[in-house]
Amino acid sequence: MRKPIMAGNWKLNKNHLETLAFIDEITPVLSGVGDVDIVICPPFTSLNVATARTKGTNIKIGAQDLFWEKSGAYTGEISGEMLKVLGCDYVIIGHSERRQYFGETNQTINKKIFAAFASGLIPIVCVGETWQERSAGQVEQVLSAQIREGLQGLNAEYHGKIVIAYEPVWAIGTGQTATPAQANEAHVLLRKLLGEIFAETAQDIRIQYGGSVKPENVRELMAQSDIDGALIGGAALKAASFEKLVKFKG
Ligand code: 13P
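Residues numbered from 1 in each chain as written. Predicted model: local features only at pLDDT ≥ 70, side-chain atom pairs only at ≥ 80, totals over all residues. Heavy atoms only, no water.

A.B. asks: Go over the overall build of the protein, please, and point to the residues and values.
C.D. replies: Of the regular secondary structure elements, the protein holds ten helices and eight strands. A compact globule built from 250 residues should have a C-alpha radius of gyration of about 18 Å, and the protein, at 17 Å, falls within 12% of that. Considering only contacts in the protein between residues 6 or more positions apart, those separated by 24 or more positions represent 73%. By element, 53% of the accessible surface of the protein is carried by carbon and sulfur atoms, the whole surface being about 11300 Å². (Helix = DSSP H or I, 4+ residues; strand = E, 2+ residues; numbered from the N terminus. Rg over C-alpha atoms; globule rule 2.2 N^0.38 Å. Contact = heavy atoms within 4.5 Å. Areas by Shrake-Rupley, 256 points an atom, 1.4 Å probe, with all protein chains shown as cover.)

Now the structure itself:
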């Protein structure tokens, strides 16, 4: 059985004071949840207070990116080890916004996945097609390249630990969610692609859906056979809404 994983990707939102206020609001209401992994991914400047304040709770902290080198002359970058020492457990890699605005490719993403595992972090690797690609019938081709190139060479001991987030670019921040059936179809395809490289562990890999997930649609999405969690943007920024998403079972 794959344990559901609900993660909030805060993107460029909340300073460290707002982060503390959110955590103080959410910690008591989520303290009884044991059957779902809960992750919050604030900006870098909030990670220090976030890991300190959630220590000993069931809320795990993730970063939104990392750099693949451990140290050196790379102005502005953050290493996996820095995140791990801070108390982070997860790191988002290859979000479509980073692919789109910051030139990330399947090759840079591959290096970052290795760096995450080398530092003891669990990578949440984002994949997904644009509307143009979907319209041109290229979903399989795009996802296949993202999985094959992104995960190339990954050591067998890490296969089952990786988390994949299927985020169709056209559904992010648009209010236009993929229908549960559309999303599940892509998840089934992703699991098939994962099975081609990770034959033994593909069934254990958790695949989150992301793109306009909200309390109103989470239940139906989570009821699908191959949807194992959600990576949530806008609806994860308010404690009341994030609580409902984590408690999707009702
Ligand atoms: P929204 O939930 O705001 O559409 O964002 C999804 C996302 O990009 C999560 O990583």
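A.B. asks: Pulling in residues and values, what's your account of the site of the ligand?
C.D. replies: If you check the shell around the ligand, you find 13 residues, and the closest are Lys11, His95, Gly173, Ser212 and Gly234. The backbone of Ser212 places a nitrogen or oxygen atom 2.8 Å from an oxygen atom of the ligand. For the ligand, the accessible surface in isolation is 310 Å², of which the surrounding protein chains cover 94%. Class assignment of the residues belonging to the shell around the ligand gives a composition of four nonpolar, seven polar and two charged. (Near = heavy atom within 4 Å. Polar contact = N/O pair within 3.5 Å; in protein donor to acceptor, adjacent residues only side chain to side chain. Nonpolar A, V, L, I, M, F, W, Y, C, P; charged D, E, K, R; others polar.)

A.B. asks: Give a detailed account of the side chain of Asn106, specifying residues and quantitative values.
C.D. replies: Mapped onto the fold, Asn106 is located in helix 5 (residues 106-118). Within polar-contact distance, the side chain of Asn106 engages the side chain of Glu149 at 3.1 Å. Sequence-distant contacts of Asn106, defined by excluding residues within four places in its chain, comprise Arg99, Ala145, Gln146, Glu149 and Gly150.

A.B. asks: Account for the UniProt feature "active site" (unreviewed entry) in the protein, naming residues and giving values.
C.D. replies: The UniProt entry lists His95 and Glu167 under the feature "active site" (unreviewed entry), expressed in the numbering used here. For this annotated set, covering 73 residues, all C-alpha atoms fall within 8.4 Å of each other, a compact arrangement in space. Within the annotated group just given, the residues that line the largest pocket are His95. For His95, the location among the structural elements is in the loop between strand 4 (90-93) and helix 4 (96-101). Classification of His95 by relative accessible area gives buried; the value is 5%. Once residues lying within four places of it in the same chain are set aside, the contact partners of His95 are Asn9, Lys11, Cys126, Glu167 and Ile172. With respect to the element layout, Glu167 can be found in the loop between strand 6 (163-166) and helix 8 (180-197). (UniProt positions renumbered as here; feature names shortened; annotations may be inferred. 1 Å grid on protein atoms, 1.4 Å probe; cavity = no way out; pocket = protein on both sides within 12 Å on 5 of 7 lines; lining within 4 Å. Buried < 20%, exposed > 50% of the residue type's maximum accessible area, 1.4 Å probe, protein only.)

A.B. asks: Quick rundown of the packing of aromatic side chains? Include the residues and the values.
C.D. replies: In this structure the tally under the stated criterion is eight aromatic pairs. The interplanar angle of 35 degrees and the centroid separation of 4.5 Å between the aromatic rings of Phe67 and Trp68 together place this pair among those described as tilted. When its relative accessible area of 11% is taken as the criterion, Phe67 is described as buried. For Trp68, a relative accessible area of 25% gives the class partly exposed. Ring geometry for Phe117 versus Tyr158: centroids 4.3 Å apart, planes at 10 degrees, classification stacked. On the criterion of sequence distance, the pair formed by Phe117 in helix 5 and Tyr158 in the loop between helix 7 (139-150) and strand 6 is long-range, its members being 41 residues apart. Taken together, Trp10, Phe22 and Phe242 form an aromatic cluster joined through their ring pairs. One cation-aromatic arrangement involves Lys14 over Trp10; the distance from NZ or CZ to the ring centre is 5.4 Å. (Phe/Tyr/Trp six-rings, centres within 6.5 Å; stacked < 30°, edge-to-face > 60°. Lys NZ or Arg CZ within 6 Å of the ring centre and 35° of its normal.)

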